[in-house]
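# Notes for the structure review
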Amino acid sequence: ASTASRMTPEIVADMKQGYEELAENKVLEKALKPGDTAPAFALPNSQGNMIRSQDYLAKGPLVVHFYRGKW
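Description of the structure in this document. Computed from a predicted structure; not experimentally measured.

Cut-off values and rules
- Residues numbered from 1 in each chain as written.
- Predicted model: local features only at pLDDT ≥ 70, side-chain atom pairs only at ≥ 80, totals over all residues.
- Heavy atoms only, no water.
- Helix = DSSP H or I, 4+ residues; strand = E, 2+ residues; numbered from the N terminus.
- Expected span 1.5 Å × (residues − 1).
- Phe/Tyr/Trp six-rings, centres within 6.5 Å; stacked < 30°, edge-to-face > 60°.
- Lys NZ or Arg CZ within 6 Å of the ring centre and 35° of its normal.
- Contact = heavy atoms within 4.5 Å.
- Buried < 20%, exposed > 50% of the residue type's maximum accessible area, 1.4 Å probe, protein only.
- Patch = residues over 30% accessible without salt bridge, like charges linked within 9 Å, V, L, I, M, F, W, Y side chains within 5 Å.
- Areas by Shrake-Rupley, 256 points an atom, 1.4 Å probe, with all protein chains shown as cover.
- Salt bridge = Lys/Arg side-chain N within 4 Å of Asp/Glu carboxyl O.

A turn of α-helix holds 3.6 residues, and therefore any two residues three or four places apart point the same way. Between its terminal C-alpha atoms helix H1 (residues 9-24) stretches 22 Å, which fits the 22 Å expected from 16 residues at 1.5 Å a residue. Looking at the residues trailing H1, positive phi occurs at Lys26, about 55°.

Here's what the structure looks like:
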């Protein structure tokens, strides 16, 4: 609520449209739920190096943290 109060009407409208598009595409219904097993993946880390989930899972449990990046 405090963040929303600092947004312009244009930003609020863009966010609303984005949420509506996600709902139309049933993104939440396709998303993993707590306890689901994620598929294997390879993604670049913050230094641009490719990281493979299988490599880390071989060492033990894996926690993945996503961040927005540039604001």
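Let us now look at the packing of aromatic side chains. Applying the stated rule across the entire model yields zero aromatic pairs. The aromatic ring of Tyr56 is capped on one face by Lys59, whose charged end is 5.1 Å from the ring centroid.

Turning next to the side chain of Ser53. Structurally, the position occupied by Ser53 is in helix H3 (residues 53-57). If we skip the residues at most four places from it in the chain, Ser53 touches Pro39, Ala40, Phe41 and Leu62.

What follows is about the environment of Thr8. Secondary-structure assignment places Thr8 in the segment before H1. Taking the C-alpha atoms as reference points, Thr8 and Ile51, separated by 43 residues in sequence, lie 38 Å from one another.

As a further point, take unusual backbone geometry. Of note in this structure, Lys26 is not a glycine but carries a positive phi near 55°. Within the secondary structure, Lys26 sits in the loop between H1 and helix H2 (27-30). Using a relative accessible area of 45% as the deciding quantity, one classes Lys26 as partly exposed.

Together, Leu43, Tyr56, Leu57, Leu62, Val64 and Phe66 give the surface a local cluster of nonpolar side chains, amounting to about 550 Å² of exposed area. Here Leu57 lies in helix H3.

Along the chain, Ala38 falls in the loop between H2 and strand S1 (42-44). For the pair Ala38 and Lys16, spaced 22 residues apart in sequence, the C-alpha separation works out to 28 Å.

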